[in-house]
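# Tertiary structure, described
These are the residues of each chain, in order.
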Amino acid sequence: MQEGGPIKVGVLGATGTVGQRFITLLSAHPWFILHALGASPRSANKPYTTAVNWKQTTRIPHVARDMVVKECKPEHFKECAVVFSGLDADVAGEIEGAFRAADLAVFSNAKNFRRDPNVPLIVPLVNPSHYAMISQQQVQHSPPLKKGFIVTNANCSTTGCVIPLAALEKSFGPIESLLVTTMQAISGAGYPGISSMDILDNVVPYISGEEEKMEWEMLKILGGVATSDEGVKSFDMHARNPLRVSASCNRVPVIDGHTECVSIRFAKRPPPSPQQVREALANFTTDAQTLGCPSAPRHTISVHEEKDRPQPRLDRYYQDGAGVSVGRIRQCQVLDIKFVVLANNVSIGAATSSIINAELAILKGIITS
Ligand SMILES: NC(=O)c1ccc[n+]([C@@H]2O[C@H](COP(=O)([O-])OP(=O)(O)OC[C@H]3O[C@@H](n4cnc5c(N)ncnc54)[C@H](OP(=O)(O)O)[C@@H]3O)[C@@H](O)[C@H]2O)c1
């Protein structure tokens, strides 16, 4: 696609759970070429194969094996047109901020900048229109930036939920109430994550900060971008049609794939039937698909008719983890409709979303190599 040859990209947090998924996906990417890898000072100056505790089912890609891991300093990444971040939230704020200040384009998985009023929180299959905020982020930065910016993607459990919700809002108008109960995979907590003594034969009904994140992130993602009379842009947080969200988050003994039980009430009466919902989800197409993002799922939502699907072990690799699976669509006796959604937390919930976000930024002309 690129006239000037492959686009050089870097990965921060390259040794982590999300970082390893980035390395796997980027090593086979048609536009991008891995140029620099960063991790903690513990890993820096070691070949990637020595620094990483590789936990993927495929081998470490050749392109990454002998690359020497760097400290996460902008000078090591200055030739990268795109920097992907799978950094631990304890350090992501400072490091990603420094990379942006060095005029680099950063696509982050960490929570640190998600609430920033100038930073878009983009689930690429839902709200790429929020790229409209980038120019304001660059102008309001001190000093103003020419090329640098930060785009974040959402928490992995938020991502799985907002994709079917966006499809339903597109077909049937605003949703006004939402109850969601998650069953989240162990890999969502990074490596080594939760101790086996705590998770085997068990369900842990608490994930620190997760419910709050889901409840407000959905408003930023499903809302629009408003422009004041003075031309100042802001995220409207779904304020034109207020949306009430209640989330309950649980950790379950599944390696990859977050399953979520969702009940919704639409603003418009009468609400759609379960069959209309099925059709709207199955027919949902995204800008990422139509614009030609190579990593976008060819079909976004797999709608199951079987009574016992989706299941993480069977459905988490739908579209190589880039699509989501929905099943058990039925009437809700309290709200309107209920269903189950399954999303791969490490793929569309993390690395794949960042990569599609970068592809969208290139296709929209926001990044030029
Ligand atoms: N796992 C998921 O499903 C998921 C989904 C969505 C978002 N996220 C978010 O993505 C981020 C990464 O998650 P993860 O699951 O991949 O975590 P992880 O497995 O714990 O990996 C963390 C990465 O951060 C690096 N790091 C730690 N301290 C550092 C420092 N002082 N300086 C530079 N790098 C440092 C680590 O490098 P070393 O190996 O050298 O320590 C490692 O590469 C987190 O912010 C998480 O909340 C995760």
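Along each chain, residue indices are assigned from 1 in the same order as the chain's sequence is written. Residues qualify for local features only when their pLDDT is at least 70, as the model is predicted, and side-chain atom pairs are given and counted only at 80 or more; totals for whole chains, interfaces and linings, by contrast, use all residues.

### A short note on the overall build of the chain
A tally of regular secondary structure across the chain gives 12 helices and 14 strands. Restricting the calculation to C-alpha atoms gives the radius of gyration, and the globule rule supplies 2.2 Å times the number of residues raised to the power 0.38. Relative to the compact-globule value of 21 Å for 369 residues, the chain shows a C-alpha radius of gyration of 20 Å, a close match. Taking all 369 residues of the chain together, the buried fraction comes to 50%. The contacts of the chain with a sequence gap of at least 6 include a subset with a gap of at least 24, amounting to 74%. Helix and strand labels come from DSSP, where a helix needs a run of H or I of at least four residues and a strand needs a run of E of at least two; each type is numbered from the N terminus. To assign burial, the other C-beta atoms lying within 10 Å of each residue's own C-beta are counted, with C-beta atoms placed from the backbone; 20 or more indicates buried, 12 or fewer indicates exposed, and intermediate counts indicate partly exposed. Contacts here follow a simple rule: the backbone-placed C-beta atoms of the two residues must lie within 7 Å.

### Overview of the sheet that holds strand β14 (residues 337–343)
Following DSSP output, two strands are said to pair if at least two bridges run between them. The mixed open sheet is built from six strands, whose spatial order is β10-β7-β11-β14-β13-β12. Across the chains shown, the open sheet's two edge strands, defined by having one partner strand only, are β10 (244–251) and β12 (301–303). On average, adjacent strands in this sheet sit at an angle of 20 degrees to one another, irrespective of strand direction. Bridge count between strand β11 (residues 258–266) and β14: seven bridges; the pairing is antiparallel. Along β14, the bridge assignment pairs T259 with L342. Here helix α8 (residues 210–222) sits on the sheet in contact with β7 (175–184) and β10, set at roughly 145 degrees to β10. In this analysis, axes come from line fits to C-alpha atoms, helices being fitted only over the stretch in contact, and the angle between any two N-to-C directions falls in the range 0 to 180 degrees. Contacts from helix α9 (residues 274–282) reach β12, β13 (324–331) and β14, with the element oriented near 165 degrees to β13.

### Here's the deal with helix α1 (residues 17–26)
By the criterion of burial, α1 is predominantly enclosed, with 10 of the 10 residues buried. Of the residues making up α1, those classed as buried are T17, V18, G19, Q20, R21, F22, I23, T24, L25 and L26.

### Here's the deal with the UniProt feature "active site" (unreviewed entry) in the chain
Feature annotation in UniProt assigns "active site" (unreviewed entry) to the following positions: C156 and H258. These annotated residues cover 103 residues of sequence, and their C-alpha atoms lie no more than 7.9 Å from one another, placing them together at a single site. What C156 contacts, discounting residues up to four positions off in sequence, is G188, H258, N345, G349 and A350. Relative to the helices and strands, H258 is located in strand β11. H258 sits in the buried class, given 30 other C-beta atoms within 10 Å. UniProt positions are given in the numbering used here, feature names are shortened, and annotations may be inferred rather than shown by experiment.

### Considering the site of the ligand
Using the backbone to place each C-beta atom, any residue with that atom within 6 Å of a molecule or strand is considered near it. Surveying the vicinity of the ligand reveals 29 residues, the closest of which are T15, G16, S40, S43 and G190. Going through the elements one at a time, α1, α4 (89–101) and α12 (347–363) are the ones with two or more residues in the shell around the ligand. Residues are grouped as follows: Ala, Val, Leu, Ile, Met, Phe, Trp, Tyr, Cys and Pro are nonpolar; Asp, Glu, Lys and Arg are charged; every other residue, Gly included, is polar. Counted by class, the shell around the ligand contains 13 nonpolar, 14 polar and two charged residues. Domain start and stop points were drawn from an automatic or database domain assignment. No fewer than three residues from each of domain 1 (7–155 + 351–363) and domain 2 (156–344) sit in the shell around the ligand.

### Digging into the UniProt feature "domain: Semialdehyde dehydrogenase NAD-binding" (unreviewed entry) in the chain
Under the present numbering, the feature "domain: Semialdehyde dehydrogenase NAD-binding" (unreviewed entry) in UniProt falls on residues 8–134. Strand forms 18% of residues 8–134 and helix 25%; the C-alpha atoms that close the span are 21 Å apart.

### Considerations on the packing of α1 against α12
At a closest axis distance of 10 Å, the pairing of α1 and α12 adopts a crossing angle of 50 degrees. When the axes of α1 and α12 are compared, the pair comes out oblique. Seen along the crossing, α1 lies across α12 with a hand that is right-handed. Counting all contacts with α1, which are made through V18, R21, F22 and L25, the residues of α12 involved are S347, A350, A351, T352 and I355. An angle below 35 degrees is read as roughly parallel, one above 145 as roughly antiparallel, one from 65 to 115 as roughly perpendicular, and any other as oblique. Take the far helix as your reference; a near helix turned counterclockwise from it by less than a right angle gives a left-handed crossing, and one turned clockwise gives a right-handed crossing.

### Points about the domain arrangement of the chain
Taken domain by domain, the chain comprises domain 1 (7–155 + 351–363) and domain 2 (156–344). Between the C-alpha centres of domain 1 and domain 2 there is a distance of 24 Å. The partner domain 2 presents 32 residues to the 31 residues of domain 1 that form the contact. With seven residues, the top contributor of residues to the side of domain 1 that touches domain 2 is α12.

### Here we look at the sheet that holds strand β4 (residues 82–85)
Pairing in this open sheet of six strands is parallel, and the strands run β3-β2-β1-β4-β5-β6 from one edge to the other. On the outer flanks of this sheet lie β3 (70–71) and β6 (149–152), each paired with one strand and no other. Bridging between strand β1 (residues 7–12) and β4 involves four bridges; their strand directions are parallel. Among the inter-strand pairings, V9 is bridged to a residue of β4, identified as V82. Strand contacts of α1: β1, β2 (32–39) and β4, with the helix running at about 160 degrees to β1, the strand carrying the most contacts.

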